[in-house]
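# Chains, contacts and geometry: an overview
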There are 2 protein chains.
Amino acid sequence: MQTLSKAKTSLISSLSVKKYRQEHNLFVAEGHKIISEVINSGLCIKYLVYNEDREIPSLSGDFEVLVTDEAGMKKISNLKNPPPVLAVIEIPERKPEYINLKGKLTMCVDDLQDPGNLGTIIRICDWFGIENLICSNKSADVYNPKVIQATMGAFLRVNVFYENLVEFLPEYRKVTGHNCFGTFLEGENIYQTDLPESALFVLGNEGNGISPEVAEFLDSKILIPPYSQAGNHAESLNISVAAAVVCSEFRRRGPA
Amino acid sequence: MQTLSKAKTSLISSLSVKKYRQEHNLFVAEGHKIISEVINSGLCIKYLVYNEDREIPSLSGDFEVLVTDEAGMKKISNLKNPPPVLAVIEIPERKPEYINLKGKLTMCVDDLQDPGNLGTIIRICDWFGIENLICSNKSADVYNPKVIQATMGAFLRVNVFYENLVEFLPEYRKVTGHNCFGTFLEGENIYQTDLPESALFVLGNEGNGISPEVAEFLDSKILIPPYSQAGNHAESLNISVAAAVVCSEFRRRGPA
């Protein structure tokens, strides 16, 4: 077991920034539970860093083990209270195979900005059995440490792809034959809309909703109707709340 | 117009702590939009503090206006980028009238801890026309500045009450005659449950769910079923995501 070097400390702490994650093709996950899941998932771990002052159940696998102390852990951790173990993991290459999206429900986000929202949406996909999440290229990065920790392991069970939606959506429709839905503030009441089992639905940006360029490729605009009696209600639902209601509506109609 | 004194600076900045909010019976809201809504709502504003270095549309009403500079604003603000105006508002006295809950859908939270979740849940109530939210006494405080800002004004349209649920629930059932529902990880599939238009439903604590003492007063346990095919999915849904799905299920069955 080697001691964590200065060079590796800088490398690992740089991975909180997207530019460096992309340059090194690496990201960070922290804590025993999530790292055990990473090992089981078959993702490739490059370094495992332990805090030698603290005891934890050992983790085994094909990776380089490094040790450091409490202060060293603080330098590389993204959390207020660093857990005793941190993993540096290789970013897997991911390209969606259109044909694998056939016969499935797929979620798509158009420039989703907030890492916390992305984390919550990945957990929602996981719960509702949505295997694939397509993000526009400008959306928050799934390998942002805030997203990784917020998903509580769900990022291992949901494939997250980054695509140019204006190119992706027409090809998706051609190959799968499925319809594309999007949520809008004016649209058809979702409770009265026919929702097929296999389809794609798009959620928009937190402030601006779905962009006009993306809206062009949608077959239906749907709305989660407000029920406030006075018509005097919140201007919009939080995007992850909208995602949950849409998933629930698609899923409850399919075979349980 | 008076300049913000040292004494009032300490008073206002102390209001980020629950103990001092209760002692002074005051809370803080920041930003022009939310404060205009507070003025329209009829809540009583005690002080309005302007940043004299910045221009904003004026707000009028029956309150003491104080001015300060950028540095003074930073001392009293709870936000990273303090907006040019901050209001100190009297906490209204609130006690639920059981009879006013009759014929309505009411939400209840059992020791909800996270202020962000409480803010999101208040926005969900607002969207779905749920006028009353009953919180157990140990739940996060609606007057926490994080909650106030996160609700984006929805706290003005949703009545939030703090009660001892073990006393509240039996009295609620007796007076209204409505059933009480709760979300559990083992329960009846919500999509196959008869949900009445008027009822109360309880959401639990983020880590521990609904406490056994509260569960005793519930008529039905309901579950949002996971749809992951492998049975290998997230252990739970985020509490505000669960709140959204439950609201959606109650509301879609009622008259639109």
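Residues numbered from 1 in each chain as written. Chains lettered and ligands numbered in written order. Predicted model: local features only at pLDDT ≥ 70, side-chain atom pairs only at ≥ 80, totals over all residues.

In this section: the relation of the copies chain A and chain B. Aligned on chain B, chain A shows an RMSD of 0.0 Å; the corresponding rotation is 180° and the shift along the axis is 0.0 Å. With respect to symmetry, the two chain copies, as superposed, fit the operation of a two-fold axis. Both copies contact each other with a shared surface, as 100% of the interface residues of chain A are interface residues in chain B too. (Least-squares fit on C-alpha atoms with pLDDT ≥ 70 in both. Contact = placed C-beta atoms within 7 Å.)

As a further point, take the interface of chain A and chain B. At the interface, 30 residues of chain A touch 30 residues of chain B. When contributions to the side of chain A that touches chain B are tallied by element, the ones reaching two or more residues are helix H5 (115-127) and helix H9 (239-253) of chain A. Top contributing element to the side of chain A that touches chain B by residue count: H9(A), with seven residues. Among the residues making up the side of chain A that touches chain B, the classes are represented as 15 nonpolar, 10 polar and five charged. (Helix = DSSP H or I, 4+ residues; strand = E, 2+ residues; numbered from the N terminus. Nonpolar A, V, L, I, M, F, W, Y, C, P; charged D, E, K, R; others polar.)

The axes of two packed helices give the description: the angle between them and the distance between them. Residues and elements named next belong to chain A. The N-to-C vectors of H5 and H9 enclose an angle of 15°; their axes lie 9 Å apart at closest approach. Viewed along their axes, H5 and H9 adopt a mutual orientation that is roughly parallel. Between H5 and H9 lies a crossing of right-handed hand. Contacts between H5 and H9 involve Asn117, Thr120, Ile121 and Ile124 from the first element and Ile239, Ser240, Ala243, Ala244 and Cys247 from the second. Per-class residue counts for the contact of H5 with H9 are six nonpolar, three polar and no charged. (Axes fitted to C-alpha atoms, helices over the stretch in contact; angles between N-to-C directions. Parallel < 35°, antiparallel > 145°, perpendicular 65-115°, else oblique. Left-handed = near helix turned anticlockwise from the far one by under 90°.)

We now examine the sheet that holds strand E7 (residues 132-136) of chain B. Residues and elements named next belong to chain B. Pairing is parallel in the open sheet, where six strands are placed in the order E8-E7-E6-E10-E9-E11. Of all the strands in the sheet, the pair left with one neighbour each is strand E8 (159-163) and strand E11 (220-223). When strand polarity is set aside, the average angle formed by the axes of neighbouring strands in this sheet is 35°. In terms of strand pairing, E7 meets E8 through five bridges, oriented parallel. When the sheet's bridge partners are listed, isoleucine 134 is paired in E8 with phenylalanine 161. Along the sheet face, helix H9 (residues 239-253) touches strand E6 (105-109), strand E9 (180-189) and strand E10 (199-203) and points at about 160° away from the line of E10. (Pairing = 2+ DSSP bridges.)

Below, the discussion takes up the sheet that holds strand E2 (residues 26-30) of chain A. In a beta sheet, neighbouring strands pair by backbone hydrogen bonds and run either parallel or antiparallel. All names here are of chain A. Judged by pairing direction, the sheet is mixed, and its five strands sit side by side in the order E1-E4-E3-E5-E2 without closing on themselves. In this open sheet, the two strands that pair with only one neighbour each are strand E1 (2-3) and E2. Against the sheet, helix H3 (residues 32-41) makes contact with E2, strand E3 (45-51) and strand E5 (85-90), and its axis sits at roughly 30° relative to E5, the strand it touches most.

Take the domain arrangement of chain A next. Residues and elements named next belong to chain A. According to the domain assignment, chain A consists of domain 1 (2-90) and domain 2 (98-253). Here the C-alpha centroids of domain 1 and domain 2 sit 31 Å apart. Between domain 1 and domain 2, the residue contacts involve 12 residues of the former and eight residues of the latter. Class assignment of the residues belonging to the side of domain 1 that touches domain 2 gives a composition of five nonpolar, three polar and four charged. (Domains from an automatic or database assignment.)

Once that is clear, we can look at the nonpolar core. Ala87(A) and Ala87(B) are the most contacted members of the largest nonpolar core, which totals 156 residues. Ignoring sequence-local partners within four residues, the contact set of Ala87(A) consists of Val28(A), Ala29(A), Ile35(A), Val38(A), Ile45(A) and Leu48(A). (Core = buried A, V, L, I, M, F, W, Y, C linked by C-beta atoms within 7 Å. Buried ≥ 20, exposed ≤ 12 C-beta atoms within 10 Å, placed from the backbone.)

Residues and elements named next belong to chain B. For E6, the tally of buried residues reaches five of five residues, placing the bulk of the element in the interior. Burial along E6 is two-sided: Leu105, Met107 and Val109 facing one way and Thr106 and Cys108 facing the other are all buried. Summarising the sheet, E6 and E10 pair through five bridges and their orientation is parallel. Counted as the bridge partner of methionine 107 is phenylalanine 201 from E10. The pairing of E6 with E7 spans three bridges and is classified as parallel. Across the sheet, methionine 107 pairs through a bridge with leucine 133, a residue of E7. Assessed by its sense of winding, the connection that carries the chain from E6 through helix H5 (residues 115-127) to E7 is right-handed. (Right-handed = clockwise from strand over helix to strand, strands pointing away.)

For the rest of this paragraph, the subject is the environment of Thr9(B). Summarising the element assignment, Thr9(B) is placed in helix H1 (residues 6-14). Beyond its immediate stretch of four places on either side in the chain, Thr9(B) contacts Leu4(B), Gly72(B), Lys75(B) and Ile76(B).

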